[in-house]
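Chain and residue survey
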4 protein chains.
Amino acid sequence: MKDECGVFGIFNPQVDVAQYTYWGLFSLQHRGQQSAGICTADGKKMRSKKGKGLVLKVFGKGFDDLQGHLALGHVLYSNAGLDQEINIQPLRVFYDDGDLALACNGTINNAGALRHDLQKRGVIFNTTVDSEVVLQLIACSKKPTFEERVADALMQLKGAFALVLMTDKKLIAVRDRYGFRPLCLGKMEGGWCVASESCSFDLVGAELVRDIKPGEMLVIDNGEKEPVSKMWCSQMPDNCAHCVFEYVYIARNDSRIDKQDVYAARVNLGRQLAKETKGKFKADVVISVPDSGTPAAQGFAMESGLPFMEGLTKNRYVGRTFIQPTQVQRLNSVRLKLNPVRCVVKGKSLVVVDDSIVRGTTSAKLIKLLKGAGAKEVHMVITSPPVVDCCYYGVDTRDKATLISTRCSKDEICKEIGADTLNYISLEGMKEACTAVVPNDLCCACFNSQYPDGSDKVAAKDPVPVWLED
Amino acid sequence: MKDECGVFGIFNPQVDVAQYTYWGLFSLQHRGQQSAGICTADGKKMRSKKGKGLVLKVFGKGFDDLQGHLALGHVLYSNAGLDQEINIQPLRVFYDDGDLALACNGTINNAGALRHDLQKRGVIFNTTVDSEVVLQLIACSKKPTFEERVADALMQLKGAFALVLMTDKKLIAVRDRYGFRPLCLGKMEGGWCVASESCSFDLVGAELVRDIKPGEMLVIDNGEKEPVSKMWCSQMPDNCAHCVFEYVYIARNDSRIDKQDVYAARVNLGRQLAKETKGKFKADVVISVPDSGTPAAQGFAMESGLPFMEGLTKNRYVGRTFIQPTQVQRLNSVRLKLNPVRCVVKGKSLVVVDDSIVRGTTSAKLIKLLKGAGAKEVHMVITSPPVVDCCYYGVDTRDKATLISTRCSKDEICKEIGADTLNYISLEGMKEACTAVVPNDLCCACFNSQYPDGSDKVAAKDPVPVWLED
Amino acid sequence: MKDECGVFGIFNPQVDVAQYTYWGLFSLQHRGQQSAGICTADGKKMRSKKGKGLVLKVFGKGFDDLQGHLALGHVLYSNAGLDQEINIQPLRVFYDDGDLALACNGTINNAGALRHDLQKRGVIFNTTVDSEVVLQLIACSKKPTFEERVADALMQLKGAFALVLMTDKKLIAVRDRYGFRPLCLGKMEGGWCVASESCSFDLVGAELVRDIKPGEMLVIDNGEKEPVSKMWCSQMPDNCAHCVFEYVYIARNDSRIDKQDVYAARVNLGRQLAKETKGKFKADVVISVPDSGTPAAQGFAMESGLPFMEGLTKNRYVGRTFIQPTQVQRLNSVRLKLNPVRCVVKGKSLVVVDDSIVRGTTSAKLIKLLKGAGAKEVHMVITSPPVVDCCYYGVDTRDKATLISTRCSKDEICKEIGADTLNYISLEGMKEACTAVVPNDLCCACFNSQYPDGSDKVAAKDPVPVWLED
Amino acid sequence: MKDECGVFGIFNPQVDVAQYTYWGLFSLQHRGQQSAGICTADGKKMRSKKGKGLVLKVFGKGFDDLQGHLALGHVLYSNAGLDQEINIQPLRVFYDDGDLALACNGTINNAGALRHDLQKRGVIFNTTVDSEVVLQLIACSKKPTFEERVADALMQLKGAFALVLMTDKKLIAVRDRYGFRPLCLGKMEGGWCVASESCSFDLVGAELVRDIKPGEMLVIDNGEKEPVSKMWCSQMPDNCAHCVFEYVYIARNDSRIDKQDVYAARVNLGRQLAKETKGKFKADVVISVPDSGTPAAQGFAMESGLPFMEGLTKNRYVGRTFIQPTQVQRLNSVRLKLNPVRCVVKGKSLVVVDDSIVRGTTSAKLIKLLKGAGAKEVHMVITSPPVVDCCYYGVDTRDKATLISTRCSKDEICKEIGADTLNYISLEGMKEACTAVVPNDLCCACFNSQYPDGSDKVAAKDPVPVWLED
């Protein structure tokens, strides 16, 4: 499971905004490693630099001439279809009122239909990114002000989007009406910034002010003055739908999203699992699948009274490793990332805490490693329920057929991955772990098939999007 | 003086079109070294690869997945304002009927006004290239067929353009109504190709069939069948206006443009100069400024009876050399490219044949080198008249202030560059050297300020183009 | 503190030895990130590929023509003086009996004197690496067999070395007489391998057989037959001197060195510290400085009954980050690697477990971060005693002046780093944590100035080594 | 046929010597394109930077920290066996008196035997370059001064060498006793320089002072004072043996070697050929195979009265072009470099002037191109006699079997290459073209098998050199 992006925006006349955006993206790197880009503006014109790979690779040799006092950055995780130079965000265009740039985290589910309509009217598209449609809708809008044109465009969108727009003079931060994906506001000396996660603020020396509200549009055109807040969306739903998976897996431990500390939520997930599995198996030690399973394993240990130990060592240097095809059979590929610590594992009955089972293949390899290192028993406990349906809100699980839980029962999965027991947290248990969020304000669609905005139906009707064919 | 591009297109189901386009561009490299790009199509979809630098650099490691049976390529010379990744041609977009790509050689003089109008109607531009407007006009056109939409777009353009369009299924080659820039058609086994110069055909094994006619649109959608020819332009001018500077400097010696062999024209230019300067000075030997001045020097030698020798050696490895700023004063930068052959030059009275004097700085450095190597006298003879005005047809001389002939008399220039005598060919002499072209069919605007289509006035009225500000 | 290398050797006619050496080095990457190199041999000749940077960077595009059935690899941590292409190991030379290659982990303390003597006799050196002297001594030796020549050379060395030599036909693995640095033997299907740490064996599918003994020379020239073991050293000391810092910091958690599991030693270090500091302060939670402090923090938590939590999040993507000089003041550089988890830290009295305090600057920055995130109290506990002297055995702490403990008392350090309390483990406590090693067999010279082989005096007499001046 | 190197040295405290060496190498690029390297010294220590590819590629991004007031540079043409990083010159080592670097142009024919002897005495070699033996011999020499040690080493060498040595403080330029390869001395403001060809001096602003004499050693350790000249060689042969092929093909037109202007020699070669072939065929026009054949073609034209024209256009952008294997058959590979100018060639009887026929394959392809472009007749005239034997003096023609003239008669070759007539210059004619050199002072061994120093026998006895096996 992969989330598709991280965004960062800054307005600050007192600092080198490109450098700060670099740091902002650097701390959001876990949200996307495929490409990175930064756009800056100085009130008159825009400059941009983009490239494939990690932030460090793209900007490691400097920022060229990225000057200005406002900036926009983006990191992308991309599936194969989007893997082209033209699709690297931020997107930047020239419209009737100057330069315009956009960085988006999410998925616009009616992008195919909107694109089709626009093309029929003579509009040319330059990328296969779904959010290019937002720029075209803004340009086409007949509303008098820029903010009204943006609202006009957003009203036509279905799906999840936390996006930041930039003109030559201002930043506009927007969240969809359900608040699927996170976006928050920070204050720093001399300016403001927005980011997908609050961990960015720590690195650039900003303080988390608050989350952008679902349906809100925040206009930042001044380093000191409070940003102007408007609701772009007139018809708001009864509940929010914050992605629960941000707490389970996607976000960084040190972030706070919609008032919920991520680390605390994860410890709670572990505690809750310990409660729910009490008496179901006997074990000697709790270990985690690093890094996302670790806080939950600590919570499980606290609740169960079992010791928490590092049963798996993570290789810190893993990247795209070079493997000759003929050698693949001999090597358990998981070993490149994780290696059992024999003295912890040998002869022990283990509780292994992981965040999710999507396809099951990694779990199977992992358990094989642990048993190969002498583990007596492996009791898998999972901090999320079985993934039974697609996500249409920015996480790349569109291909339902690859989800093991759509075709196997829990017992079958347990057998297939080679575990002695397998337990998932309950849906309610998972929701309750996020103590700062009202349970009904969480989106759990991939676990319970309840799509808050009916995007499953929209996506089904949408003409097959060009960018998925590509 | 720099020409701005070379284009190459091919339709051939029997060969690897990317490889052939690579060769085509390779032989057009002299027309642009800033960037290179290739688009291919296989009847269903398009693929492209583009980059900065020489063809060899961009494609030296292969063509990735550039499959198909038709292809389009472009090499660009670019001024600073266009030096961005987004501006590398061929431009490629997604419109209502699929993929569309364009490669253009020339300058569209009302692009700024057209762009402005389109933006007012909600159209977004993605580059600062003037020819992007062509794609937008095609997409906006309400005409029923693709060919009619293209014609509809072209009718709105002012300026010089030799362009090739590609859809998923066919190539369309077009020349403006005056035929400013060259474009010719070749036939090879299994297919057809079009190119800025016929020297490309030699390398790919094609035969020159004919030049595309001014105002013509050629549709190639079959490897065997003769391409369909239409006149997109209904109101044709009385005369053509083929750029005379292609014969003087731009094109390669081994090309034939609008039925005139380039090498023959250059030899004639030299002969004519010898006739025109007879008795004006006494000299021992004729040398040239390589490479473009060499055939003319040979012609001058033949006519005058003086021996032709290589008085200047050209360094074959010159590229973007690394020079530390502090060292610049000590080094005559021309020496990196050209070095006098002392035994030819020393104690001799030289005729030095060059193609043009634009700013005068290079001539001055060159003469300094020759005198430093012991030349007794330097008699400069120039195979074109003084450049007194801008070119609006694809050659980068928009800044009239840099042209030495707009502010100095011939005698002043002679003194400034340090020559003993200076002689330019006459306008009529230059025209007559192109024996295969009717004199009135040549554009000599930069020499005589007669702009065939009034582009000087269009350009003056055009809102300052974005891409020149950039 | 940085260790200087990792080595890996393999003899196996059944596999692609370059690929396996790549994996071996990949799992030793934590021992050196400056450069990487692989040499292979096929019984007749050698091939090598080396470069600066991570294993992944150097070999990420493949192994070129690194064929053979035996191979040698090396990863290097290097101080500035050694940072040249010529110094990348394995070193490879041509001597009277063919090709010879060497990869070494350690420091040869009389290398300067030996080099000086050899140069006086007309020997040329090609690198500034201390172990080049080993190759020259082998080549100069008049002994009849290769093994005797190697022994002859080794007998002249003072210092720490775990080295692997390779000829066209065989591998020779050697450890100095004290066994300062680790080196172990593994068996795999079809062959043998040697490595600095046993974690390499897990990745290549080998089983740890045993450690190479101090003073032993192991000759591997057959994939099946047991390697021939000889003692190259006739005069063995009474005790070994295994570097205790391998257990504290250098080695990977999942390695076993000289029969001691590293993870177990670290947990013990934490337990011991908890015992030694009992009653000295009151705390709410135990956190670690990842990654090396984590097992010890777990041990501390178990022993003290306090909960272990992740108070610091490590950025997984840290490398050589690009920071503009002017921005440095504003940024706490430790934040690029570590960020406090506010919900763990805020309002809490923390036990922070770290492995060592060398210069004190990092600890100071870290404590500032934690207090900035709201920590009430910070109680630093260190799993090694104060570092009071240089290491002459392969760890880069030659500059005694930089060691904070040589000039400040414990209380002064506590104040300087901003901690509320500071406690180091006792020397005896540290030794006892390595339950599988006799305490007298551990080298603790940097903690107690007792240099087992008198290398402090040798190093003092040695003419200033060229490679440290460089 | 390829020459193997160019060398450049400079001593000048007033300039950035790395930059000047860069320019020096840049103007010697025609002598070697495989690798480039620069070493600088500042009186105390040396620094170097080397790499594969053109000078521009290796140094295009700057000189890092190449400071100093003396420097040494080298460009290499290399056969496959030498194509390794370790073999890039200048070679640099650490010997008993500091740093030592060497750059050599030539071939040491007893290097294998010397290397073998040294290895038997315990000497290690680090490269497979023949001239490494020179460094080892200097280091081993027991003579009291550095100059005497160099002389001691040189006395043991057989073969051709023009080499420059550099210590931390001085440059030493040396030429073998026959003066096979060129090396000359230049004076510039503030310092001295040495170079393989005088064309380097023009670029760096130096004046050619004189050639280094055969058997001479020139010591440069001062920017102003005249370099000290000694004869390192006590037993001088009666005649010199300057490589005649430098004049025919290798050197640049604008160089003067051993008092002979290269361009003048080439014009003379053409004139002489015209005399020798008078009446043998009837032709309309003289063309050349650019670039080396051009001055000779001009000479031929002058003497014969036929017009000289450019019948072949050279593509200025040729490098290592990317060609897909499957496309090779369709493409005449010579076309990538040379294309016929149809209007010159068509229907004409051509004299084609080329410098040599080595294997005959290129001539065959060329003539095919010319006939394909309509040439009526092709009369090949060659400015050197048939190549019938190996060169042991620095030109890469060791494989006698590839020389077409060792197995075919002139008539057979004429037929094989498809020419109408084929004529070589006579041996005497060639020698006489070099009017400034006594005929007996020219080495013509590859044309007449007369090896001045018996190197053919030395090479036969020499143990197969490692570097040719490699």
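Note that this is a predicted model, so its numbers are computed, not measured. (Residues numbered from 1 in each chain as written. Chains lettered and ligands numbered in written order. Predicted model: local features only at pLDDT ≥ 70, side-chain atom pairs only at ≥ 80, totals over all residues. Heavy atoms only, no water.)

Describing the pairing of strand S6 (residues 98-108) of chain B
Residues and elements named next belong to chain B. Counting buried positions over the 11 residues of S6 gives 10, a clear majority of the element. In terms of strand pairing, strand S5 (residues 91-95) meets S6 through five bridges, oriented antiparallel. Within S6, the residue paired with Phe94 across the bridge is Asp99. Once S5 ends, the chain turns through two residues before running back antiparallel as S6. (Buried < 20%, exposed > 50% of the residue type's maximum accessible area, 1.4 Å probe, protein only. Helix = DSSP H or I, 4+ residues; strand = E, 2+ residues; numbered from the N terminus. Pairing = 2+ DSSP bridges.)

Re the interface of chain B and chain D
The interface is formed by 61 residues belonging to chain B together with 61 residues belonging to chain D. Where chain B meets chain D, there are four salt bridges. Asp291 of chain B is the salt-bridge partner of Arg316 of chain D, the closest N and O atoms lying 3.2 Å from each other. Examining the composition of the side of chain B that touches chain D, we find that five residues originate from one element, helix H1 (residues 17-26) of chain B, more than from any other. (Contact = heavy atoms within 4.5 Å. Salt bridge = Lys/Arg side-chain N within 4 Å of Asp/Glu carboxyl O.)

Structural notes on the relation of the copies chain C and chain A
Rotating chain C by 180° about the axis while translating it 0.1 Å along that axis superimposes it on chain A, leaving an RMSD of 0.1 Å. Taken together, these values place the two copies in the relation of a two-fold axis. If distances are taken from each C-alpha of chain C to the rotation axis, the shortest is found for Arg316 of chain C, at 3.6 Å. Comparing contact sets, 100% of the residues at the interface of chain C also lie at the interface in chain A, consistent with an isologous, same-surface contact. (Least-squares fit on C-alpha atoms with pLDDT ≥ 70 in both.)

Remarks on the pattern of salt bridges
All names here are of chain B. The tally for this structure, following the rule as stated, stands at 76 salt bridges over all chains. Here Glu147 and Lys170 are joined by a salt bridge, their closest N and O atoms 2.8 Å apart. Here Glu147, found in helix H5 (residues 146-155), pairs with Lys170, found in the loop between strand S7 (159-167) and strand S8 (171-175); they are 23 residues apart in sequence, far enough to count as distant. Looking at Lys170, the relative accessible area reads 19%, which means it is buried.

What to know about the domain arrangement of chain A
Partitioning chain A into domains gives domain 1 (6-237) and domain 2 (262-450). Placing the centre of domain 1 of chain A and that of domain 2 of chain A at their C-alpha centroids yields a distance of 33 Å. (Domains from an automatic or database assignment.)

Details of the interface of chain C and chain A
At the interface, 61 residues of chain C touch 61 residues of chain A. Across the interface of chain C and chain A, roughly 5300 Å² is buried in total on both sides, 58% from carbon and sulfur atoms. Across the contact surface, chain C and chain A share four salt bridges. Broken down by secondary-structure element, the contributors of at least two residues to the side of chain C that touches chain A are helix H1 (17-26), helix H2 (55-59), helix H6 (199-204), helix H8 (262-276), helix H9 (294-304), strand S18 (312-314), strand S19 (338-340) and helix H10 (342-345) of chain C. No other element matches H1 of chain C, which puts five residues into the side of chain C that touches chain A. In terms of residue class, the side of chain C that touches chain A is built from 29 nonpolar, 18 polar and 14 charged. (Buried area = accessible area lost by both parts, 1.4 Å probe. Nonpolar A, V, L, I, M, F, W, Y, C, P; charged D, E, K, R; others polar.)

Points about the sheet that holds strand S9 (residues 184-188) of chain C
All names here are of chain C. In spatial order, the strands read S3-S2-S4-S1-S10-S9-S11; together these seven strands make up an open sheet with antiparallel pairing. The open sheet terminates on both sides in strands that have one partner only, identified here as strand S3 (46-52) and strand S11 (207-211). Taking the axes of each pair of neighbouring strands and ignoring which way they run, one obtains an average angle of 15° across the sheet. Inspection of the sheet shows strand S2 (residues 35-41) paired to strand S4 (residues 70-76) by seven bridges, in the antiparallel sense. In the sheet register, Ala41 faces S4, and the bridge partner there is Leu70. Set on the sheet, H1 makes contact with strand S1 (5-11), S2, S4 and S9; between it and S4 the angle comes to about 25°. (Axes fitted to C-alpha atoms, helices over the stretch in contact; angles between N-to-C directions.)

A short note on the relation of the copies chain B and chain D
Overlaying chain B on chain D yields an RMSD of 0.1 Å, the required transformation being a rotation through 180° with an accompanying axial translation of 0.1 Å. Mapped onto chain D, 100% of the interface residues of chain B are again interface residues, and the two copies thus contact each other with one and the same surface.

Let's talk about the sheet that holds strand S7 (residues 159-167) of chain D
Residues and elements named next belong to chain D. Spatially, six strands are ordered S5-S6-S7-S8-S12-S13 in an open sheet, and the strand pairing comes out antiparallel. With one partner strand each, in any of the chains shown, strand S5 (91-95) and strand S13 (228-231) form the two edges of the open sheet. Along the sheet, successive strands turn relative to each other by an average axial angle of 20°, direction set aside. Here strand S6 (residues 98-108) pairs with S7 via nine bridges, running antiparallel. Residue pairing in the sheet places Leu100 in a bridge with Thr167 of S7. Helix H5 (residues 146-154) contacts S5, S6, S7, strand S8 (171-175), strand S12 (216-220) and S13 of the sheet and is inclined by roughly 150° relative to S12.

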